[in-house]
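So the chains spell out like this:
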Amino acid sequence: MPSVLIIDDEAEVGEAMRRVLEREGFTVTVTGGGNEGVLAFERNPADVVITDVIMPKTHGVDVIRAIRAKHAKTRIIAMSGGGNFGPLAYEPEAITTSAYLAAAKQAGADEVLTKPFDKHDLVAAVRRLLPQ
Amino acid sequence: MPRNSRILIADNHGIMRDGLCALLAGLDGVEIVGTAANGADTLRAVDETTPDMLIVDFSCCATTGTDLIGQIKKRRPELRILVLTFHKEDYLIEAALRAGADGYVLKNEDRAQLFCAINMLSEGKRYLSVAISERVTSGHVNAQGPGAGRTRPARTLTPREIEVIKLIAAGQRTREIARQLSLSHKTIEKHRASLMRKLGLKTATAVAAFAITHGYHDS
């Protein structure tokens, strides 16, 4: 079964994604921060990495660079909803969302997902990146 | 799309600098000539890269953000300065515009606002995003600064004209407005014609739309 590593500092988001992807038959690991995610990947490289962009300490763009530096073929999905808004809702069209995802793309993300996304978008993005 | 703009980006967040570079690099006629993370670097980069436009977040220079804008405008008055920030406090907006900022956009606004601002500034115009424009025209922010009057015709309205435009926005007809303000029908017509001339509006519908979009409908 293809494996997926999810890196998101919001535990409930990570767990929700885990449930969706496990139902689709993927083997899923969830970690709560950038450093932790990179270490988890080094221990057990996943086929697909899904990382949030805005996280405390190590942000997603650095996660992507760290993984890309050693693993050119790993498939990576970056996700963001703007960040830095505290309790406010995700803002998919916000300047920050666009900028963060553009930075993630430039760092080597294969796909970007704008929060909020639904489970079909998530599953479709993962499937697109896996060999048929 | 922007016309041949050489842009310098000043922001204390590396990911934002990277992201803006990546985002704007895709626009026709835009060249990113450099980035800076703080006030001192920004001043140096302005001298070294001679940009046409500076996109700056106050946060990159803490409490001296507006001083930085003032300093840069003194040295390079022709340099277009766009503030791109999360800060929406009235006193900061006002200080930035007084210091000489040519545009002000909030980071959590739609990206189209950023592209529009770059386009307008590159054509020598000023630009306030929708959220900021509403603060300014509703009187929360006094934006008297270099050229402020060009973008804020509403500030030239008299108190009576403001009363009239509010009632137009509330859907009232001339006779109703006259009755409410205890004025004659002809006097209201005169105020209406005057405010339309000042705002460059041709129809009553345009007046109502202006009033609603500029915050006169609920105050």
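Within any chain, residue numbers begin from 1 and follow the written order of that chain's sequence. Following the order in which they are written, the chains are lettered starting with A and the ligands numbered starting with 1. Local features in this predicted model are restricted to residues of pLDDT 70 or higher, and side-chain atom pairs are both shown and tallied only at a pLDDT of 80 or more, whereas totals for entire chains, interfaces and linings draw on every residue. Only heavy atoms go into the side-chain values, all of them from the structure, while hydrogens and water stay out.

*Asks:* Tell me about the sheet that holds strand 5 (residues 111–114) of chain A, and name the residues and values.
*Replies:* In any sheet, the strands associate via hydrogen bonds between backbone groups, in a parallel or an antiparallel arrangement. Residues and elements named next belong to chain A. Across the sheet, five strands lie side by side as 2-1-3-4-5; this open sheet has parallel pairing. This sheet does not close on itself; its edge strands, each paired only once, are strand 2 (27–31) and strand 5. With direction set aside, neighbouring strand axes in the sheet form an average angle of 20°. A pair of strands counts as paired when DSSP detects no fewer than two bridges linking them. Per the convention used, a helix needs a DSSP run of H or I reaching at least four residues, while a strand needs a run of E reaching at least two, with both numbered from the N terminus. Summarising the sheet, strand 3 (residues 48–52) and strand 4 (residues 75–80) pair through five bridges and their orientation is parallel. Counterpart to D52 in the pairing with strand 4 is M79. Every residue pair with non-hydrogen atoms within 4.5 Å of one another is taken to be in contact. For every element, the axis is a line fit to its C-alpha atoms; helices are fit only across the contacting stretch, and the angle between N-to-C directions ranges from 0 to 180 degrees. Where helix 1 (residues 11–23) meets the sheet, it contacts strand 1 (3–7), strand 2, strand 3 and strand 4, and its direction lies at approximately 175° from that of strand 2. Against the sheet, helix 2 (residues 34–43) engages strand 1, strand 2 and strand 3, with an angle of about 160° to strand 1.

*Asks:* I'd like a description of helix 3 (residues 60–70) of chain A, backed by residues and values.
*Replies:* Residue and element names in this part refer to chain A. Residues G60, V61, V63, I64, I67 and R68 constitute the buried set of helix 3. One side of helix 3 carries all its buried residues, which in axial view fall inside an arc of 155°. Turned more than 90 degrees away from the buried face of helix 3, the exposed residues are A69 and K70. Only protein chains enter the accessibility calculation, which uses a 1.4 Å probe; a residue whose area is less than 20% of its type maximum is buried, one above 50% is exposed, and one in between is partly exposed. The reported arc concerns the directions from the helix axis to the C-beta atoms and nothing else.

*Asks:* Talk me through the nonpolar core; I want residue IDs and the actual numbers.
*Replies:* Nine residue types can take part in a nonpolar core, namely buried Ala, Val, Leu, Ile, Met, Phe, Trp, Tyr and Cys, and a core is a set of them joined through side-chain atoms within 4.5 Å. Residues V53 of chain A together with L20, L24, L82, L84, L114 and I118 of chain B are the most contacted members of the largest nonpolar core, which totals 44 residues. Element by element, the count of residues in this core is highest for helix 4 (residues 95–107) of chain A, at eight residues. Other than its neighbours up to four places away in sequence, V53 of chain A contacts H59, G60, V61, A78, M79, S80, Y100, L101 and A104 of chain A together with I15 of chain B. In terms of nonpolar packing, the next biggest core, distinct from the first, is built from 25 residues, A36, V83, L97 and L106 of chain B among them.

*Asks:* Quick rundown of the pattern of salt bridges? Include the residues and the values.
*Replies:* Residues and elements named next belong to chain A. In the sections that follow, a salt bridge refers to a side-chain nitrogen of Lys or Arg positioned within 4 Å of a carboxyl oxygen of Asp or Glu. Applying the stated rule across the entire model yields 24 salt bridges over all chains. Across the salt bridge formed by K70 and E42, the nearest N and O atoms sit 3.9 Å from each other. Note that K70 is positioned in helix 3 and E42 in helix 2, a separation of 28 residues in sequence. A residue is classified by how much of its surface remains accessible, and K70, at 62% relative accessible area, is exposed. In this structure E42 comes out as partly exposed when scored by relative accessible area, which is 33%. By sharing partners, the salt bridges in this structure join D8, E10, D52 and K115 into a single network.

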